[in-house]
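# Topology and contacts: notes
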Amino acid sequence: MRSIVLSIWMPVALFVLWGLASAFSWVNPYLLPSPGSVYSAFIELVKDGTLFDHVGASLGRAFGGYLAAACFALPMGYFFAKYESLHVQSRLVLESLRMIPPLSLIPLLILWLGIGELAKLTIVLLASFFPIYLNAYSGFKQLDYRYGELAKTLNLNTFEKIRHIEFPGALPAVFTGLRLGFGYSWRALVSAELIAASSGLGYLISDASEMARTDQVFVGILMIAVLGIIGDTLFQRAIRKVAPWSVK
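Structure report, in brief. What you see is a predicted model; the values in this text were computed from it and never measured.

### What about the pattern of salt bridges?
Using the criterion set out here, one finds 8 salt bridges in the structure. Glutamate 44 serves as the salt-bridge partner of arginine 213, at 3.4 Å between the closest nitrogen and oxygen. Taken together, the residues span a long stretch of sequence, with arginine 213 in the loop between helix H9 (201–210) and helix H10 (214–242) and glutamate 44 in helix H2 (residues 35–47) at a distance of 169 residues. For glutamate 44, a relative accessible area of 37% puts it in the partly exposed group. The shortest N-O distance in the salt bridge between aspartate 232 and arginine 179 comes to 2.6 Å. Of this pair, aspartate 232 sits in helix H10 while arginine 179 is found in helix H8 (residues 158–195), placing the two residues 53 residues apart along the sequence. Relative accessible area serves as the criterion here: at 32%, arginine 179 is assigned to the partly exposed category. Put simply, Glu44, Arg213 and Asp215 are held in one network by salt bridges that share partners.

### A word on H9
Of the positions making up H9, those classed as buried are Leu201, Gly202, Leu204, Ile205 and Ala208. One side of H9 holds all its buried residues, which, seen down the axis, span an arc of 160°. Count one or two residues on from H9 and you reach alanine 212, which has phi positive near 60°.

### What about helix H6 (residues 117–141)?
When the terminal C-alpha atoms of H6 are compared, their 35 Å separation across 25 residues agrees well with the 36 Å that a helix rising 1.5 Å per residue should span. The principal kink in H6, of about 35°, is found at phenylalanine 129, preceding the proline proline 131 by one to four residues.

### Some words on the packing of aromatic side chains
One pass over the structure, following the stated rule, counts 15 aromatic pairs. Their ring planes at 85° and their centres at 5.9 Å tell us that phenylalanine 15 and tryptophan 18 sit as a pair that is edge-to-face. Note that phenylalanine 15 and tryptophan 18 are positioned in helix H1 (residues 2–23) at a spacing of 3 residues, about one turn of the helix. Its relative accessible area of 47% is what places phenylalanine 15 among the partly exposed residues. Look at tryptophan 18 and you get buried, because its relative accessible area is 16%.

How each quantity is defined
- Residues numbered from 1 in each chain as written.
- Predicted model: local features only at pLDDT ≥ 70, side-chain atom pairs only at ≥ 80, totals over all residues.
- Heavy atoms only, no water.
- Salt bridge = Lys/Arg side-chain N within 4 Å of Asp/Glu carboxyl O.
- Helix = DSSP H or I, 4+ residues; strand = E, 2+ residues; numbered from the N terminus.
- Buried < 20%, exposed > 50% of the residue type's maximum accessible area, 1.4 Å probe, protein only.
- Arc of directions from axis to C-beta.
- Expected span 1.5 Å × (residues − 1).
- Bend = angle between axes of the 7 residues up to and from the residue.
- Phe/Tyr/Trp six-rings, centres within 6.5 Å; stacked < 30°, edge-to-face > 60°.

What is shown is where atoms sit, not what they do.
Structure follows, in structure tokens:
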């Protein structure tokens, strides 16, 4: 109970402060709509199906780009950790790409790939790739050398060694990277949708702002926060389920 109270008291306090600011007109309603007007806008978007369309579009892009990033980043993290020469040869290129904010590439990606889904998926991939790759590389690099001796003792082949020894040993770091990568992908996607999209939560916020519908802007922002928290919570539960030894 104490943990629950500590977790919710601040959001409740902020909500009460928001309600008071609206009730007593401390802030212009255009800048800060009341909780009631935001709730009405939410119901309106739910009833006409608009909100579900935007949420579905954003989730599809986020998970598509995120899964593509994981498919590239995890094998690269393993092989670069096992073969240091590969890491040394590619380090300068990878570090250069890591330092470039993915959102700064939007104009170039639109020029190369157009304003379709591929450009947005590429933004998500670039945003989530490096957190996944760096954590996977670190996890595999820091494996105890005795794991290799154990694999030899058990006479395991390469695939069996990866499956039964190396991957479980690196799993805490891998999950950390996957969790961070999801957060980066979600933020980058919504930002990309603000610039070049005809659907998605980012587009909903941008379009509502142009139409002076601040209440719908708040709906979009709150949906981003709620879906992000749900996704992060699912990752934490997956970590406890698959790698309970990594949870303190």
